[in-house]
Amino acid sequence: MDYDALFHRLHPALYRYLYRLTGDADTADDIAQETFVRLLRQSMPESEVRPWLFTVATNLVRDGVRKAGRRQRLLAAERFMPASVPRPDEMADRAEQVELVRRALAQIPLRDRQLLLMREEGFTYEEMARAAGVAPGSVGTLLGRALRRFAQVYQAQDGRAQEGTDGTRG
Amino acid sequence: MEHAGDGQLLALMDGQLSAAEEAAVRSHLRSCPACAQELDALREASALLSASLRVLDAAAPAPKPVVRLVVRAGGARVAAVRRTLLRAAGIVLVLAGGGAAALPGSPVREWARAAWERGKALFGGAEPAATVQTPAAAASIGIDAAPVAGRIRVSLVAMRAGTQVRVRLVDRPVAWIEAEQIVGAAPQFVRGSGRVEVVGGVVRRLRIDLPRDVARAEVEVDGRVRVRKDGEVLRLATAGREEDSGPQAEFVIGD
């Protein structure tokens, strides 16, 4: 394997995936690098590297979620539940949009989030099934449920924000 | 056919059905407004997710600088170096030398960079030997940088006069800057948006690989452009004039 070429080609996408999955740049950095470190001990056809990387990286995220010390750094639903409706003047802020997306993603269980994000990266259902440890025939159903959940949560939070903006339900 | 479930509809959207399955689902959709409506809802949800992720991506910081340590080991000792570098103590042993203590990051990270930078040199050898041998050559360090808005700039600041600089156009999407043969203090790398600064250090040679496909690329020394990309070639500034240098340009700092 040409490790150098693989790194240059795959690291940006892996980092992007991990950042989307965890919402934390430091975590994404650490796990992406740790994943490539582990790849160095492997030998496999190049065609298998990309799904392997994403699988291992997601397992590392999952391991991190389980560890109490990392829990506060990873995307967790309770972390992003607002204590109050955002101030109206914040809603035009792009940072608030980002937070809205993060909150919506946080409502999706990690496995379903993994499937959604791997789909965005163009993986096949077979690859996603192996990575997530589910039956290939169930991937479509899990994706559909996760997409609907995301849309529902996003629109609900966006609606709450709009309500805060103008005092009426948006 | 019964109503199509989310699984079938998603698989249809994503091209994951066989030809026969796809034909069956499409046939059903033509005669079932309810399922067609569900498909539209899933498409909207998918589009919402994609757009949301782009918002998230726009706020994402760039990955941290990848400081890479190159350990130039002999071919026969390659696999032995790899195995021992898995342990932090081994890393310290192998990297013992003037540059190692000055390098930032954990030992594991330094090892990872070493392995990544010269994978072929480290992993092309024979079966692991019983012991680890210290590499003979001095260490190098490097950093990569992605162009931003079609531009990449490499700035060399306060580098020692006499440092040889080689700039090449390469078929890679990111730039690579490597300080080879560090003979004293290691240079500092500072990465910004579409640019890298290499500051100070005492090195014999600096290698700069620029993406061939980037629209604009420059290498400057203490604020003065020495090499710039012009189409498919590099132009080298020497004694107040520019010369066409082809896909590779070389100069010496201070000349």
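Small disclaimer: the values here were computed from a predicted structure and weren't measured. (Residues numbered from 1 in each chain as written. Chains lettered and ligands numbered in written order. Predicted model: local features only at pLDDT ≥ 70, side-chain atom pairs only at ≥ 80, totals over all residues. Heavy atoms only, no water.)

A.B. asks: Would you explain the overall build of chain B in this entry?
C.D. replies: Across its full length, chain B holds seven helices and 13 strands. Scored against the burial criterion, the 255 residues of chain B give a buried share of 43%. Restricting the contact set of chain B to residue pairs at least 6 apart, pairs at least 24 apart contribute 72%. In the form shown here, chain B has an accessible surface area of approximately 11900 Å², with 52% of it arising from carbon and sulfur atoms. (Helix = DSSP H or I, 4+ residues; strand = E, 2+ residues; numbered from the N terminus. Buried < 20%, exposed > 50% of the residue type's maximum accessible area, 1.4 Å probe, protein only. Contact = heavy atoms within 4.5 Å. Areas by Shrake-Rupley, 256 points an atom, 1.4 Å probe, with all protein chains shown as cover.)

A.B. asks: What exactly am I supposed to notice about the overall build of chain A here?
C.D. replies: For chain A, the count of helices and strands is nine helices and zero strands. Going residue by residue from the N terminus, the α and β elements of chain A occur as α-α-α-α-α-α-α-α-α. Restricting the contact set of chain A to residue pairs at least 6 apart, pairs at least 24 apart contribute 64%. In the form shown here, chain A has an accessible surface area of approximately 7600 Å², with 48% of it arising from carbon and sulfur atoms.

A.B. asks: I would appreciate a short explanation of the sheet that holds strand β11 (residues 233-238) of chain B in the present structure.
C.D. replies: Strand pairing in a sheet relies on backbone hydrogen bonds. The paired strands run either parallel or antiparallel. All names here are of chain B. Across the sheet, which stays open at both edges, the seven strands sit in the order β6-β7-β3-β9-β10-β11-β12 with mixed pairing between neighbours. What marks the edges here is a single partner per strand, and that holds for β6 (188-192) and β12 (241-244). Put simply, the sheet's adjacent strands are angled 20° from each other on average, direction ignored. For strand β9 (residues 216-221) and strand β10 (residues 224-230), the ladder comprises four bridges, and the chain directions are antiparallel. Looking at β10, one finds that Val219 is bridged to Val227. (Pairing = 2+ DSSP bridges. Axes fitted to C-alpha atoms, helices over the stretch in contact; angles between N-to-C directions.)

A.B. asks: Would you explain unusual backbone geometry in this entry?
C.D. replies: Residue and element names in this part refer to chain B. The phi dihedral of Ala158 is positive, around 55°, even though this residue is not glycine. For Ala158, the position within the fold is in the loop between β3 (151-157) and β4 (164-170). Phi is positive for Gln181, close to 55°, though the residue is something other than glycine. Tracing the backbone shows Gln181 in strand β5 (residues 175-182).

A.B. asks: Could you clarify how one ought to interpret the interface of chain A and chain B in this entry?
C.D. replies: Note on interface size: it is often stated as the accessible area lost on association of the parts. On the side of chain B, 43 residues touch chain A, which itself brings 42 residues to the contact. Carbon and sulfur atoms supply 64% of the area that chain A and chain B bury against each other, a total of about 4000 Å² over both sides. It is His8(A), Leu40(A) and Arg148(A) in chain A that bury the most area against chain B; as a group they hold 17% of the surface buried on that side. The tally of links between chain A and chain B comes to four salt bridges. Among the salt bridges present, the one from Arg148(A) reaches Glu38(B), with a minimum N-O distance of 2.6 Å. Listed by contribution, the elements that provide at least two residues to the side of chain A that touches chain B are α1 (3-22), α2 (25-39), α6 (94-106), α7 (110-120) and α9 (139-166) of chain A. Per-element tally for the side of chain A that touches chain B: the top contributor is α9(A), with 11 residues. A class-by-class count of the residues in the side of chain A that touches chain B yields 20 nonpolar, nine polar and 13 charged. (Buried area = accessible area lost by both parts, 1.4 Å probe. Salt bridge = Lys/Arg side-chain N within 4 Å of Asp/Glu carboxyl O. Nonpolar A, V, L, I, M, F, W, Y, C, P; charged D, E, K, R; others polar.)

A.B. asks: What's the story with helix α1 (residues 6-13) of chain B in this structure? I'm lost.
C.D. replies: Residues lying three or four places apart along an α-helix face the same way, a consequence of the helix completing one turn every 3.6 residues. Residue and element names in this part refer to chain B. A large share of α1 lies buried, amounting to six of its eight residues. Taken residue by residue, α1 has Asp6, Gly7, Leu9, Leu10, Ala11 and Leu12 as its buried positions. Two residues or fewer past α1, Gly15 is found with a positive phi of approximately 65°.

A.B. asks: How do you make sense of the nonpolar core when you look at a structure like this?
C.D. replies: Soluble, globular proteins show a tendency: their nonpolar side chains are buried together. Counting residues in hydrophobic clusters, the biggest one holds 70 residues, and the most contacted among them are Leu14(A), Tyr17(A), Leu18(A), Leu53(A), Phe54(A), Met128(A) and Leu143(A). If you tally residues by element for this core, the top one is α1(A), at 11 residues. Leaving out residues up to four positions away in the same chain, Leu143(A) has contacts with Leu115(A), Leu116(A), Arg119(A), Tyr125(A), Met128(A), Leu10(B) and Asp14(B). Grouped together as the second largest cluster of nonpolar side chains are 32 residues, Val154(B), Leu156(B), Ile177(B) and Val219(B) included. (Core = buried A, V, L, I, M, F, W, Y, C linked by side-chain atoms within 4.5 Å.)

A.B. asks: Sorry if this is basic, but what is going on with the confidence of the model for chain B here?
C.D. replies: Note: predicted coordinates in regions of low pLDDT should not be interpreted at a detailed level. All names here are of chain B. Summarising the model, chain B shows a mean pLDDT of 73, and 70% of its residues fall at 70 or more. Confidence scores differ between elements of chain B, with helix α5 (residues 88-94) showing the lowest mean pLDDT of 30 and strand β13 (residues 248-252) the highest of 94. Reported confidence for the predicted complex is 0.80 by ipTM and 0.53 by pTM. (pLDDT = per-residue confidence, 0-100.)

A.B. asks: Can you help me understand the pattern of salt bridges in this one?
C.D. replies: Pairing is possible between side chains that carry opposite charge, provided their charged atoms lie close to one another. Residue and element names in this part refer to chain B. Tallied over the entire structure, the rule returns 27 salt bridges over all chains. With its nearest N and O atoms 3.0 Å apart, the salt bridge here joins Asp209 to Arg168. With Asp209 in strand β8 (residues 203-211) and Arg168 in strand β4, the pair connects residues that are 41 residues apart, well separated along the chain. Among the residues examined, Arg168 registers a relative accessible area of 24% and is labelled partly exposed. In this structure, Glu242 engages Arg228 in a salt bridge whose closest nitrogen and oxygen atoms are separated by 2.7 Å. A residue pair is termed long-range when its members are at least 10 positions apart, and Glu242 in strand β12 and Arg228 in strand β10 qualify at 14 residues. Of the residues examined, Glu242 reaches a relative accessible area of 33% and is grouped as partly exposed. The structure contains a network of salt bridges with shared partners spanning Arg151, Arg153, Arg216, Glu218 and Glu220.

A.B. asks: Looking at this model, I keep getting lost on the pairing of β5(B). Mind explaining?
C.D. replies: Here is the key point about a regular strand: its side chains alternate between the two faces of the sheet. All names here are of chain B. Burial analysis of β5 places seven of its eight residues in the buried class, which makes it a mostly covered element. Pairing between strand β2 (residues 140-145) and β5: five bridges, direction antiparallel. Each residue of the ladder has a partner; that of Ile143, found in β5, is Ile177. Sheet topology note: the β5/β8 ladder contains six bridges and is antiparallel. Pairing of Ile177 across the sheet is with Ile208, part of β8.

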